[in-house]
Amino acid sequence: MTTGPDAPGAFSLEPGPDLREMRDWVHGFATDVIRPAGAEWDEREETPWPILDEAAKIGLYSLDFFSAQWLEPSGLGIPIAFEELFWGDAGIALSLVGSTLAAVAVASNGTPEQIGEWLPEMFGGPGDVKLGAFCASEPEAGSDVGAIRTRAEYREASDEWILNGTKSWATNGGIADVHVVVASVDSSLGARGQASFVVPPGTPGLSQGQKFRKHGVRASHTAEVVLDGVRVPGRCLVGGRERLDARLARVRSGGPSGEQAAMKTFEASRPSVAAMAVGVGRAAVEFARDYATQRITFGRPIGQNQAVGFMLADMQAAVDAARLLTWRAAWMARQGLALDGAEGSMSKLVASETAVRVTEQAIQILGGNGYTRDFPVERWHRDAKIFTIFEGTSEIQRMIIGRAVTGLDVR
Ligand SMILES: Cc1cc2nc3c(=O)[nH]c(=O)nc-3n(C[C@H](O)[C@H](O)[C@H](O)COP(=O)(O)OP(=O)(O)OC[C@H]3O[C@@H](n4cnc5c(N)ncnc54)[C@H](O)[C@@H]3O)c2cc1C
(Lines give C-alpha, C1' and ligand atoms only; values in the text may rest on other atoms or scores of the structure.)
Protein backbone atom coordinates (compact mmCIF):
# COMPACT_ATOMS: atom_id res chain seq x y z
CA MET A 1 0.00 0.00 0.00
CA THR A 2 1.28 3.50 -0.81
CA THR A 3 1.94 5.60 2.27
CA GLY A 4 3.24 9.15 2.77
CA PRO A 5 2.23 12.25 0.81
CA ASP A 6 1.49 10.24 -2.36
CA ALA A 7 -1.02 7.90 -0.70
CA PRO A 8 -4.64 8.43 -1.76
CA GLY A 9 -6.26 10.99 0.53
CA ALA A 10 -3.00 11.54 2.44
CA PHE A 11 -3.36 15.32 2.65
CA SER A 12 -4.66 16.39 6.02
CA LEU A 13 -5.21 19.63 7.91
CA GLU A 14 -6.18 17.80 11.07
CA PRO A 15 -3.42 18.01 13.69
CA GLY A 16 -2.46 14.61 15.08
CA PRO A 17 -3.31 13.42 18.62
CA ASP A 18 -0.10 14.77 20.22
CA LEU A 19 -0.69 18.22 18.75
CA ARG A 20 -4.33 18.22 19.81
CA GLU A 21 -3.36 17.27 23.34
CA MET A 22 -0.71 20.02 23.45
CA ARG A 23 -3.18 22.55 22.02
CA ASP A 24 -5.79 21.74 24.67
CA TRP A 25 -3.20 21.92 27.46
CA VAL A 26 -1.90 25.34 26.31
CA HIS A 27 -5.46 26.53 25.76
CA GLY A 28 -6.28 25.58 29.36
CA PHE A 29 -3.41 27.71 30.66
CA ALA A 30 -4.40 30.57 28.35
CA THR A 31 -8.01 30.40 29.57
CA ASP A 32 -7.34 29.98 33.29
CA VAL A 33 -4.19 32.04 33.82
CA ILE A 34 -3.34 34.33 30.88
CA ARG A 35 -6.70 35.73 29.76
CA PRO A 36 -7.91 36.78 33.25
CA ALA A 37 -4.61 38.63 33.90
CA GLY A 38 -4.41 40.47 30.56
CA ALA A 39 -5.96 43.80 31.59
CA GLU A 40 -3.96 44.04 34.83
CA TRP A 41 -0.53 43.53 33.21
CA ASP A 42 -1.41 45.83 30.33
CA GLU A 43 -2.01 48.59 32.90
CA ARG A 44 1.10 47.71 34.90
CA GLU A 45 3.29 47.72 31.78
CA GLU A 46 5.66 45.21 33.37
CA THR A 47 6.90 41.70 32.72
CA PRO A 48 4.38 39.37 34.43
CA TRP A 49 6.95 37.41 36.45
CA PRO A 50 4.39 35.45 38.53
CA ILE A 51 2.77 34.17 35.34
CA LEU A 52 6.13 33.19 33.86
CA ASP A 53 6.81 31.30 37.06
CA GLU A 54 3.44 29.55 36.95
CA ALA A 55 4.12 28.57 33.35
CA ALA A 56 7.57 27.32 34.36
CA LYS A 57 6.05 25.17 37.12
CA ILE A 58 3.90 23.25 34.63
CA GLY A 59 6.74 23.05 32.09
CA LEU A 60 5.19 25.47 29.60
CA TYR A 61 7.85 28.16 30.07
CA SER A 62 10.79 25.86 29.47
CA LEU A 63 13.46 25.05 26.93
CA ASP A 64 12.06 21.51 26.77
CA PHE A 65 8.59 22.65 25.75
CA PHE A 66 9.70 25.15 23.11
CA SER A 67 12.34 22.87 21.61
CA ALA A 68 9.85 19.98 21.43
CA GLN A 69 7.46 22.24 19.49
CA TRP A 70 10.21 23.57 17.17
CA LEU A 71 11.18 19.99 16.37
CA GLU A 72 7.61 18.68 16.04
CA PRO A 73 7.61 16.80 12.71
CA SER A 74 4.59 18.43 11.03
CA GLY A 75 5.89 21.96 11.70
CA LEU A 76 2.62 22.91 13.43
CA GLY A 77 3.88 22.69 17.04
CA ILE A 78 4.93 26.34 17.31
CA PRO A 79 2.02 27.81 15.29
CA ILE A 80 -0.52 25.94 17.39
CA ALA A 81 1.14 26.77 20.74
CA PHE A 82 1.61 30.45 19.83
CA GLU A 83 -1.97 30.82 18.56
CA GLU A 84 -3.31 29.57 21.89
CA LEU A 85 -0.97 31.71 24.03
CA PHE A 86 -1.75 34.89 22.07
CA TRP A 87 -5.44 34.05 22.09
CA GLY A 88 -5.08 34.39 25.88
CA ASP A 89 -3.34 37.78 25.83
CA ALA A 90 -0.69 39.10 23.46
CA GLY A 91 1.36 41.13 25.96
CA ILE A 92 1.69 38.28 28.46
CA ALA A 93 2.25 35.78 25.65
CA LEU A 94 5.05 37.91 24.22
CA SER A 95 6.73 37.80 27.62
CA LEU A 96 6.32 34.02 27.56
CA VAL A 97 7.84 33.58 24.09
CA GLY A 98 10.27 36.54 23.97
CA SER A 99 13.25 34.40 24.91
CA THR A 100 12.70 32.16 21.90
CA LEU A 101 14.03 34.93 19.58
CA ALA A 102 17.43 34.77 21.24
CA ALA A 103 17.23 30.97 21.51
CA VAL A 104 16.54 30.59 17.78
CA ALA A 105 19.44 32.93 16.93
CA VAL A 106 21.86 30.66 18.83
CA ALA A 107 20.16 27.37 17.88
CA SER A 108 20.22 28.12 14.14
CA ASN A 109 23.81 29.40 13.89
CA GLY A 110 25.62 28.34 17.07
CA THR A 111 27.98 25.45 17.71
CA PRO A 112 26.61 22.45 19.67
CA GLU A 113 28.62 23.67 22.70
CA GLN A 114 27.04 27.14 22.49
CA ILE A 115 23.56 25.67 22.17
CA GLY A 116 24.16 23.41 25.17
CA GLU A 117 25.63 26.20 27.28
CA TRP A 118 23.40 29.20 26.55
CA LEU A 119 19.89 27.99 25.75
CA PRO A 120 19.19 26.66 29.28
CA GLU A 121 20.39 30.06 30.60
CA MET A 122 17.62 31.77 28.61
CA PHE A 123 14.77 29.88 30.28
CA GLY A 124 15.89 28.74 33.75
CA GLY A 125 13.31 26.72 35.69
CA PRO A 126 10.52 26.99 38.27
CA GLY A 127 11.46 29.46 41.01
CA ASP A 128 14.38 30.69 38.88
CA VAL A 129 12.88 31.92 35.62
CA LYS A 130 15.40 33.39 33.17
CA LEU A 131 15.08 35.43 29.99
CA GLY A 132 16.87 35.87 26.69
CA ALA A 133 16.92 38.99 24.50
CA PHE A 134 17.77 39.27 20.81
CA CYS A 135 19.26 42.67 20.03
CA ALA A 136 19.56 43.48 16.33
CA SER A 137 17.58 46.72 15.82
CA GLU A 138 19.11 50.13 16.47
CA PRO A 139 17.71 53.66 16.40
CA GLU A 140 18.98 54.03 12.80
CA ALA A 141 18.67 50.36 11.78
CA GLY A 142 15.32 48.55 11.93
CA SER A 143 14.21 47.50 8.45
CA ASP A 144 17.65 48.52 7.21
CA VAL A 145 19.75 45.95 9.09
CA GLY A 146 22.82 46.81 7.00
CA ALA A 147 22.97 50.18 8.82
CA ILE A 148 23.83 48.59 12.19
CA ARG A 149 26.50 50.72 13.92
CA THR A 150 27.30 48.54 16.93
CA ARG A 151 30.90 47.39 16.49
CA ALA A 152 32.70 44.26 17.64
CA GLU A 153 36.51 44.35 17.73
CA TYR A 154 38.67 41.31 18.36
CA ARG A 155 41.63 41.44 20.79
CA GLU A 156 43.94 38.61 19.86
CA ALA A 157 46.08 38.79 23.02
CA SER A 158 43.18 38.17 25.41
CA ASP A 159 40.93 36.28 22.93
CA GLU A 160 38.11 38.74 23.61
CA TRP A 161 35.57 40.69 21.60
CA ILE A 162 34.82 44.29 22.63
CA LEU A 163 31.29 45.47 21.84
CA ASN A 164 30.25 49.13 21.62
CA GLY A 165 26.92 50.58 20.50
CA THR A 166 23.27 51.14 21.37
CA LYS A 167 20.50 48.68 20.57
CA SER A 168 16.87 49.75 20.36
CA TRP A 169 13.52 48.00 20.74
CA ALA A 170 14.92 44.86 22.33
CA THR A 171 12.24 42.59 23.78
CA ASN A 172 13.50 41.73 27.31
CA GLY A 173 16.43 44.13 26.68
CA GLY A 174 18.37 44.92 29.85
CA ILE A 175 16.34 42.53 32.03
CA ALA A 176 17.41 39.36 30.22
CA ASP A 177 20.00 36.97 31.60
CA VAL A 178 21.49 36.32 28.17
CA HIS A 179 21.61 38.95 25.41
CA VAL A 180 22.38 37.96 21.82
CA VAL A 181 23.80 41.04 20.10
CA VAL A 182 24.23 41.56 16.35
CA ALA A 183 27.30 43.70 15.64
CA SER A 184 29.43 44.71 12.70
CA VAL A 185 32.88 43.15 12.51
CA ASP A 186 33.70 44.81 9.16
CA SER A 187 31.64 47.93 8.51
CA SER A 188 32.77 48.14 4.87
CA LEU A 189 30.73 44.98 4.15
CA GLY A 190 27.36 46.23 5.50
CA ALA A 191 24.98 43.40 6.49
CA ARG A 192 27.48 40.86 5.14
CA GLY A 193 30.09 41.95 7.69
CA GLN A 194 27.94 41.28 10.76
CA ALA A 195 28.08 38.58 13.42
CA SER A 196 26.11 37.67 16.56
CA PHE A 197 27.58 37.52 20.06
CA VAL A 198 26.30 36.02 23.27
CA VAL A 199 26.65 38.41 26.20
CA PRO A 200 26.62 36.23 29.33
CA PRO A 201 24.69 37.14 32.49
CA GLY A 202 26.17 39.98 34.55
CA THR A 203 28.73 41.11 31.95
CA PRO A 204 29.98 44.62 32.89
CA GLY A 205 29.30 47.40 30.36
CA LEU A 206 25.85 46.17 29.29
CA SER A 207 23.01 48.25 30.68
CA GLN A 208 19.40 49.06 29.96
CA GLY A 209 18.70 52.40 28.30
CA GLN A 210 15.20 53.83 28.10
CA LYS A 211 12.27 51.48 28.55
CA PHE A 212 9.67 52.21 25.88
CA ARG A 213 6.09 53.08 26.86
CA LYS A 214 4.05 51.37 24.19
CA HIS A 215 0.70 51.44 22.39
CA GLY A 216 0.15 47.69 22.93
CA VAL A 217 1.77 44.43 24.10
CA ARG A 218 2.52 46.43 27.24
CA ALA A 219 3.11 43.37 29.43
CA SER A 220 6.19 42.71 27.32
CA HIS A 221 9.30 44.70 28.25
CA THR A 222 10.89 46.60 25.33
CA ALA A 223 14.00 48.70 25.92
CA GLU A 224 17.26 50.08 24.63
CA VAL A 225 20.41 48.16 25.46
CA VAL A 226 23.63 50.13 25.83
CA LEU A 227 26.92 48.34 25.17
CA ASP A 228 29.84 50.32 26.55
CA GLY A 229 33.13 48.47 26.16
CA VAL A 230 31.45 45.10 26.78
CA ARG A 231 34.11 42.34 26.80
CA VAL A 232 33.07 38.81 25.93
CA PRO A 233 35.34 35.80 25.53
CA GLY A 234 36.10 34.48 22.02
CA ARG A 235 33.80 31.48 22.55
CA CYS A 236 30.81 33.91 22.65
CA LEU A 237 31.00 34.58 18.90
CA VAL A 238 27.95 32.64 17.65
CA GLY A 239 29.10 29.93 15.23
CA GLY A 240 32.79 30.33 16.15
CA ARG A 241 35.80 32.13 14.71
CA GLU A 242 36.62 29.70 11.93
CA ARG A 243 33.18 30.00 10.38
CA LEU A 244 33.23 33.80 10.59
CA ASP A 245 36.70 34.05 9.02
CA ALA A 246 35.70 31.71 6.19
CA ARG A 247 32.52 33.70 5.53
CA LEU A 248 34.33 37.06 5.52
CA ALA A 249 37.00 35.67 3.18
CA ARG A 250 34.26 34.49 0.79
CA VAL A 251 32.55 37.89 0.84
CA ARG A 252 35.83 39.78 0.28
CA SER A 253 36.63 37.60 -2.72
CA GLY A 254 33.17 38.27 -4.17
CA GLY A 255 31.69 34.87 -3.22
CA PRO A 256 28.35 34.11 -1.49
CA SER A 257 27.97 35.76 1.91
CA GLY A 258 25.56 33.51 3.69
CA GLU A 259 23.00 36.33 3.49
CA GLN A 260 20.72 34.04 1.53
CA ALA A 261 20.92 31.45 4.28
CA ALA A 262 19.93 34.16 6.79
CA MET A 263 16.97 35.17 4.58
CA LYS A 264 15.85 31.53 4.47
CA THR A 265 15.98 31.37 8.27
CA PHE A 266 13.80 34.51 8.51
CA GLU A 267 11.36 33.17 5.94
CA ALA A 268 11.00 29.95 7.95
CA SER A 269 10.45 31.78 11.27
CA ARG A 270 7.80 34.22 9.98
CA PRO A 271 4.90 31.76 10.37
CA SER A 272 5.49 31.83 14.14
CA VAL A 273 4.79 35.60 14.18
CA ALA A 274 1.81 35.01 11.89
CA ALA A 275 0.47 32.49 14.42
CA MET A 276 0.62 35.13 17.17
CA ALA A 277 -1.55 37.40 15.01
CA VAL A 278 -3.97 34.54 14.25
CA GLY A 279 -4.41 34.03 18.02
CA VAL A 280 -5.33 37.67 18.62
CA GLY A 281 -7.62 37.75 15.57
CA ARG A 282 -9.42 34.59 16.65
CA ALA A 283 -9.94 35.98 20.16
CA ALA A 284 -11.56 39.09 18.68
CA VAL A 285 -13.87 37.15 16.34
CA GLU A 286 -15.05 34.87 19.14
CA PHE A 287 -15.65 37.76 21.53
CA ALA A 288 -17.53 39.83 18.94
CA ARG A 289 -19.59 36.79 17.86
CA ASP A 290 -20.71 36.08 21.43
CA TYR A 291 -21.54 39.74 21.98
CA ALA A 292 -23.50 39.95 18.73
CA THR A 293 -25.71 37.02 19.70
CA GLN A 294 -26.52 38.54 23.10
CA ARG A 295 -26.76 42.29 22.57
CA ILE A 296 -30.32 43.29 21.73
CA THR A 297 -31.24 46.44 19.84
CA PHE A 298 -34.59 47.13 18.17
CA GLY A 299 -35.87 43.91 19.75
CA ARG A 300 -33.37 41.43 18.21
CA PRO A 301 -29.74 40.36 18.55
CA ILE A 302 -27.45 42.77 16.65
CA GLY A 303 -25.89 39.77 14.87
CA GLN A 304 -29.18 39.25 13.07
CA ASN A 305 -28.60 42.51 11.17
CA GLN A 306 -26.91 41.67 7.93
CA ALA A 307 -24.46 44.52 8.47
CA VAL A 308 -23.17 42.81 11.62
CA GLY A 309 -23.60 39.18 10.49
CA PHE A 310 -21.67 39.89 7.28
CA MET A 311 -18.93 41.63 9.23
CA LEU A 312 -18.56 38.52 11.42
CA ALA A 313 -18.55 36.33 8.31
CA ASP A 314 -15.68 38.35 6.81
CA MET A 315 -13.80 38.29 10.11
CA GLN A 316 -14.08 34.53 10.54
CA ALA A 317 -13.13 33.83 6.91
CA ALA A 318 -10.09 36.14 7.15
CA VAL A 319 -8.78 34.53 10.33
CA ASP A 320 -9.22 31.02 8.92
CA ALA A 321 -7.44 32.06 5.69
CA ALA A 322 -4.57 33.56 7.72
CA ARG A 323 -4.23 30.33 9.70
CA LEU A 324 -4.11 28.25 6.52
CA LEU A 325 -1.30 30.42 5.09
CA THR A 326 0.50 30.11 8.42
CA TRP A 327 0.22 26.33 8.56
CA ARG A 328 1.28 25.98 4.94
CA ALA A 329 4.47 27.98 5.49
CA ALA A 330 5.26 26.26 8.80
CA TRP A 331 4.68 22.82 7.30
CA MET A 332 6.81 23.59 4.23
CA ALA A 333 9.65 24.92 6.38
CA ARG A 334 9.64 21.82 8.60
CA GLN A 335 9.62 19.49 5.58
CA GLY A 336 12.71 21.30 4.31
CA LEU A 337 10.88 22.64 1.25
CA ALA A 338 12.16 25.90 -0.22
CA LEU A 339 9.87 28.84 0.56
CA ASP A 340 10.69 30.35 -2.82
CA GLY A 341 7.23 31.80 -3.22
CA ALA A 342 7.76 33.88 -0.04
CA GLU A 343 5.18 31.71 1.71
CA GLY A 344 6.52 32.77 5.14
CA SER A 345 6.21 36.46 4.31
CA MET A 346 2.71 35.93 2.90
CA SER A 347 1.58 34.31 6.14
CA LYS A 348 3.03 37.14 8.24
CA LEU A 349 1.61 39.89 6.01
CA VAL A 350 -1.89 38.45 5.81
CA ALA A 351 -2.15 37.35 9.45
CA SER A 352 -0.90 40.66 10.86
CA GLU A 353 -3.09 42.85 8.65
CA THR A 354 -6.04 40.56 9.44
CA ALA A 355 -5.47 40.88 13.18
CA VAL A 356 -5.50 44.68 12.95
CA ARG A 357 -8.66 44.70 10.83
CA VAL A 358 -10.71 42.16 12.78
CA THR A 359 -9.87 43.69 16.17
CA GLU A 360 -11.06 47.04 14.81
CA GLN A 361 -14.24 45.39 13.53
CA ALA A 362 -14.73 43.77 16.95
CA ILE A 363 -14.64 47.23 18.56
CA GLN A 364 -17.28 48.35 16.05
CA ILE A 365 -19.52 45.39 16.90
CA LEU A 366 -19.25 46.14 20.62
CA GLY A 367 -20.14 49.80 20.02
CA GLY A 368 -19.44 52.06 23.02
CA ASN A 369 -18.48 49.07 25.14
CA GLY A 370 -15.82 48.17 22.59
CA TYR A 371 -14.16 51.52 23.07
CA THR A 372 -13.80 51.12 26.85
CA ARG A 373 -11.21 49.27 28.91
CA ASP A 374 -14.02 47.27 30.54
CA PHE A 375 -13.96 45.04 27.46
CA PRO A 376 -10.79 43.47 26.05
CA VAL A 377 -11.22 44.27 22.35
CA GLU A 378 -9.69 47.77 22.57
CA ARG A 379 -6.59 46.22 24.13
CA TRP A 380 -6.46 43.49 21.50
CA HIS A 381 -6.64 46.14 18.78
CA ARG A 382 -3.69 48.00 20.32
CA ASP A 383 -1.81 44.70 20.68
CA ALA A 384 -2.53 43.58 17.10
CA LYS A 385 -0.75 46.57 15.56
CA ILE A 386 2.69 45.28 16.57
CA PHE A 387 2.42 42.34 14.17
CA THR A 388 2.54 44.67 11.15
CA ILE A 389 5.75 46.25 12.50
CA PHE A 390 8.17 43.86 14.20
CA GLU A 391 10.06 41.00 12.57
CA GLY A 392 9.78 42.87 9.26
CA THR A 393 7.09 45.49 8.57
CA SER A 394 4.22 44.83 6.15
CA GLU A 395 6.03 46.94 3.55
CA ILE A 396 9.15 44.77 3.86
CA GLN A 397 7.01 41.60 3.56
CA ARG A 398 5.38 43.02 0.40
CA MET A 399 8.83 43.77 -1.00
CA ILE A 400 9.90 40.15 -0.45
CA ILE A 401 6.66 38.76 -1.88
CA GLY A 402 6.84 41.19 -4.80
CA ARG A 403 10.31 39.93 -5.66
CA ALA A 404 9.15 36.31 -5.48
CA VAL A 405 6.10 37.01 -7.64
CA THR A 406 7.79 39.11 -10.34
CA GLY A 407 11.38 37.90 -10.25
CA LEU A 408 12.31 41.62 -10.32
CA ASP A 409 14.39 43.51 -7.77
CA VAL A 410 11.35 45.23 -6.23
CA ARG A 411 12.45 48.04 -3.85
C1 LIG B 1 7.34 46.02 20.64
C2 LIG B 1 8.55 45.83 19.78
C3 LIG B 1 9.39 44.76 20.03
C4 LIG B 1 10.54 44.58 19.25
N5 LIG B 1 11.39 43.56 19.56
C6 LIG B 1 12.59 43.51 18.92
C7 LIG B 1 13.58 42.58 19.35
O8 LIG B 1 13.37 41.79 20.29
N9 LIG B 1 14.79 42.59 18.73
C10 LIG B 1 15.06 43.44 17.71
O11 LIG B 1 16.17 43.39 17.18
N12 LIG B 1 14.13 44.33 17.25
C13 LIG B 1 12.91 44.39 17.85
N14 LIG B 1 11.97 45.31 17.44
C15 LIG B 1 12.29 46.22 16.34
C16 LIG B 1 11.49 45.98 15.08
O17 LIG B 1 11.90 44.79 14.45
C18 LIG B 1 11.64 47.22 14.19
O19 LIG B 1 10.94 48.29 14.83
C20 LIG B 1 11.11 46.98 12.82
O21 LIG B 1 11.94 46.11 12.10
C22 LIG B 1 10.96 48.28 12.01
O23 LIG B 1 12.14 49.02 12.05
P24 LIG B 1 12.09 50.58 12.40
O25 LIG B 1 11.30 50.75 13.65
O26 LIG B 1 13.46 51.12 12.38
O27 LIG B 1 11.25 51.24 11.23
P28 LIG B 1 11.85 51.78 9.85
O29 LIG B 1 12.75 50.78 9.25
O30 LIG B 1 12.36 53.16 10.08
O31 LIG B 1 10.53 51.87 8.99
C32 LIG B 1 9.61 52.97 9.10
C33 LIG B 1 8.55 52.83 8.00
O34 LIG B 1 9.20 52.88 6.71
C35 LIG B 1 8.89 51.73 5.97
N36 LIG B 1 10.06 51.33 5.18
C37 LIG B 1 11.36 51.25 5.59
N38 LIG B 1 12.14 50.84 4.58
C39 LIG B 1 11.33 50.65 3.50
C40 LIG B 1 11.51 50.22 2.15
N41 LIG B 1 12.72 49.90 1.70
N42 LIG B 1 10.44 50.14 1.34
C43 LIG B 1 9.19 50.48 1.79
N44 LIG B 1 8.95 50.89 3.04
C45 LIG B 1 9.99 50.97 3.89
C46 LIG B 1 8.56 50.67 7.01
O47 LIG B 1 7.78 49.63 6.45
C48 LIG B 1 7.82 51.49 8.06
O49 LIG B 1 6.49 51.67 7.67
C50 LIG B 1 10.81 45.47 18.18
C51 LIG B 1 9.93 46.55 17.93
C52 LIG B 1 8.83 46.74 18.72
C53 LIG B 1 7.94 47.94 18.44
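Counting of residues starts from 1 at the beginning of each chain's written sequence and follows it residue by residue. Given that this is a predicted model, residues contribute local features only at a pLDDT of at least 70 and side-chain atom pairs are listed and counted only at 80 or more, while totals for whole chains, interfaces and linings are drawn from all residues. Hydrogens and water are ignored here; the side-chain numbers use all heavy atoms of the structure.

**Regarding the nonpolar core**
Nonpolar side chains tend to gather and get buried jointly when the protein is soluble and globular. Note the cut-off: Nine residue types can take part in a nonpolar core, namely buried Ala, Val, Leu, Ile, Met, Phe, Trp, Tyr and Cys, and a core is a set of them joined through side-chain atoms within 4.5 Å. Residue exposure (1.4 Å probe, protein chains only): buried if accessible area is under 20% of the type maximum, exposed if over 50%, otherwise partly exposed. A run of DSSP states H or I qualifies as a helix once it reaches four residues; a run of E qualifies as a strand once it reaches two. Both are numbered from the N-terminal end. Throughout, a residue-residue contact means that at least one pair of heavy atoms, one from each residue, lies within 4.5 Å.
Within the largest apolar cluster, 105 residues are counted, with the highest numbers of intra-cluster contacts made by Phe86, Leu96 and Met122. Looking at this core, the element that brings in the most residues is helix H9 (residues 259-294), giving 13 residues. Discounting residues that sit within four places of it in the chain, Phe86 has contacts with Ala93, Leu94, Val97, Met276, Gly279, Val280 and Phe387.

**Re the side chain of His179**
This is how the line gets drawn: A 3.5 Å cut-off defines polar contacts: any pair of N or O atoms within that distance qualifies, except that in protein one atom must be a possible hydrogen donor and the other a possible acceptor, and neighbouring residues in sequence count only when both atoms are side-chain atoms.
Mapped onto the elements of the fold, His179 is located in strand S6 (residues 178-184). The class for His179 is buried, based on a relative accessible area of 2%. From its side chain, His179 meets the backbone nitrogen of Gly174 in a polar contact 2.9 Å long. Apart from the residues within four sequence positions on either side, His179 is in contact with Ala133, Cys135, Asn172, Gly173, Gly174, Phe197, Val198, Val199, Leu206 and Val225.

**Comments concerning the site of the ligand**
We count it as follows: Throughout, near means a residue has at least one heavy atom within 4 Å of the molecule or strand. We get accessible surface area from the Shrake-Rupley algorithm with a probe of 1.4 Å; when it comes to residues, only the shown protein chains can shield them.
Residues in contact with the ligand amount to 18 residues; listed here are only the nearest, Ser137, Ser143, Trp169, Thr393 and Glu395. Between an oxygen atom of the ligand and a main-chain N or O atom of Gly142, the distance comes to 3.4 Å. Notes on the ligand: free accessible area 970 Å², of which the protein chains cover 67%. Counting residues per element, the ones that place at least two in the shell around the ligand are strand S5 (160-171) and helix H13 (394-406). Looking at the shell around the ligand element by element, the count peaks at three residues for S5.

**Structural notes on the pairing of S6**
Here is the rule: One bridge is not enough; two strands pair if DSSP finds at least two bridges between them.
Buried residues dominate S6, accounting for seven of its seven residues. Every second residue of S6 is oriented toward a common face, with Val178, Val180, Val182 and Ser184 on one face and His179, Val181 and Ala183 on the other, all of them buried. Bridging between strand S3 (residues 132-135) and S6 involves four bridges; their strand directions are parallel. Paired with Phe134 across the two strands is Val180, which belongs to S6. Here six bridges tie S6 to strand S7 (residues 194-199), and the two strands are oriented antiparallel to one another. Among the inter-strand pairings, Ala183 is bridged to a residue of S7, identified as Ala195.

**Looking at unusual backbone geometry**
At Glu45, a position not held by glycine, the phi torsion is positive, near 50 degrees. The phi torsion at Phe298 lies on the positive side, around 50 degrees, for a residue other than glycine. With respect to the helices and strands, the residue Phe298 is situated in the loop between strand S10 (296-297) and strand S11 (300-301).

**Structural notes on empty space enclosed by the protein**
Applied cut-off: Using a 1 Å grid laid over the protein atoms alone, points where a 1.4 Å probe fits but cannot get out form a cavity; open sets with protein on both sides within 12 Å along at least 5 of 7 lines form a pocket; any residue with an atom within 4 Å of a point counts as lining. Grid points are joined across faces, edges and corners, and a volume is the space filled by probe spheres set on the points. Residue type decides the class: Asp, Glu, Lys and Arg count as charged, Ala, Val, Leu, Ile, Met, Phe, Trp, Tyr, Cys and Pro as nonpolar, and the leftover types, Gly among them, as polar.
One pass over the structure, following the stated rule, counts two cavities of 30 Å³ or more. Looking at the largest cavity, its volume works out to about 40 Å³. Along its surface, the largest cavity is lined by Glu45, Lys211, Phe212, Lys214, Arg218, Ser220, His221 and Thr222. A class-by-class count of the residues in the lining of the largest cavity yields one nonpolar, three polar and four charged. Put simply, the second largest cavity is a space of about 30 Å³. If you trace the second largest cavity, you find it lined by Gly38, Asp42, Asp89, Gly91, Arg218, Ala219, Arg379 and Asp383. Of all the secondary structure elements, the ones that give two or more residues to the lining of the second largest cavity are helix H1 (17-44) and helix H12 (377-384). Broken down by class, the residue content of the lining of the second largest cavity amounts to one nonpolar, two polar and five charged.

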